[in-house]
Amino acid sequence: MKNYFLIAAVLSLGLMSCKKSETKVETTENPDGTVTTTTTESEHSTTVDSAKINATVDQAKEKLDEAGHKIDAAADKGLHQLKKAGEEVKDAAAKGAEKVEKGAEKVKEDLKKK
């Protein structure tokens, strides 16, 4: 999940930092015979709407939070079920121990009779 958020952040930063650079070189000949060279450089940023990017990032955060809550709920449910299963195993072991003790008492009684 964290990877998706990281990828979205990197992409949004990458798109926001993209700029288009254009260089024009103009040469003109003056009436006296000399040549003048003019270099014009202009930068245009890409048309990326930062509001859309922020909205997308916010939606991704909400989805990540929702997924985190679902994972926490599933973990809590699993923990509850494990505790219940542990209690059932404990009860079953206690009942088995009682039966073994009763069986041992019967064997002792049978040995005393002989």
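Look a little higher up for the structure.
Computed from a predicted structure; not experimentally measured. (Residues numbered from 1 in each chain as written. Predicted model: local features only at pLDDT ≥ 70, side-chain atom pairs only at ≥ 80, totals over all residues. Heavy atoms only, no water.)

### Re the overall build of the protein
Move 1: Within the protein one finds 2 helices and 2 strands.
Move 2: Reading the protein from its N terminus to its C terminus gives the helix and strand order α-β-β-α.
Move 3: Burial status across the protein gives 4% buried among its 114 residues.
Move 4: Across the protein, the fraction of contacts at a sequence separation of at least 24, relative to all contacts at a separation of at least 6, is 34%.
Move 5: When the accessible surface of the protein is split by element, carbon and sulfur atoms take 57% of a total near 10,300 Å². (Helix = DSSP H or I, 4+ residues; strand = E, 2+ residues; numbered from the N terminus. Buried < 20%, exposed > 50% of the residue type's maximum accessible area, 1.4 Å probe, protein only. Contact = heavy atoms within 4.5 Å. Areas by Shrake-Rupley, 256 points an atom, 1.4 Å probe, with all protein chains shown as cover.)

### Regarding the pattern of salt bridges
Move 1: Evaluated as defined, the whole model comprises 1 salt bridge.
Move 2: The closest approach of N and O atoms between Glu66 and Lys70, which form a salt bridge, is 3.6 Å. Remark: Lys70 and Glu66 occur in helix 2 (residues 50-113); sequence separation between them is 4 residues, near one turn of the helix.
Move 3: Take Glu66: its relative accessible area is 46%, and that puts it in the partly exposed class. (Salt bridge = Lys/Arg side-chain N within 4 Å of Asp/Glu carboxyl O.)

### Details of the environment of Thr39
Move 1: Tracing the backbone shows Thr39 in strand 2 (residues 35-45).
Move 2: You can call Thr39 exposed: its relative accessible area is 53%.
Move 3: Setting aside residues up to four positions removed in sequence, Thr39 forms contacts with Thr23, Lys24 and Val25.

### A short note on a positive patch on the surface
Move 1: A surface patch of like charges, here positive, comprises Lys95, Lys99, Lys102 and Lys106.
Move 2: Checked against the element boundaries, Lys99 lands in helix 2.
Move 3: Look at Lys99 and you get exposed, because its relative accessible area is 65%. (Patch = residues over 30% accessible without salt bridge, like charges linked within 9 Å, V, L, I, M, F, W, Y side chains within 5 Å. Lys, Arg positive; Asp, Glu negative; His and termini not counted. Charge placed at Lys NZ, Arg CZ, Asp CG, Glu CD.)

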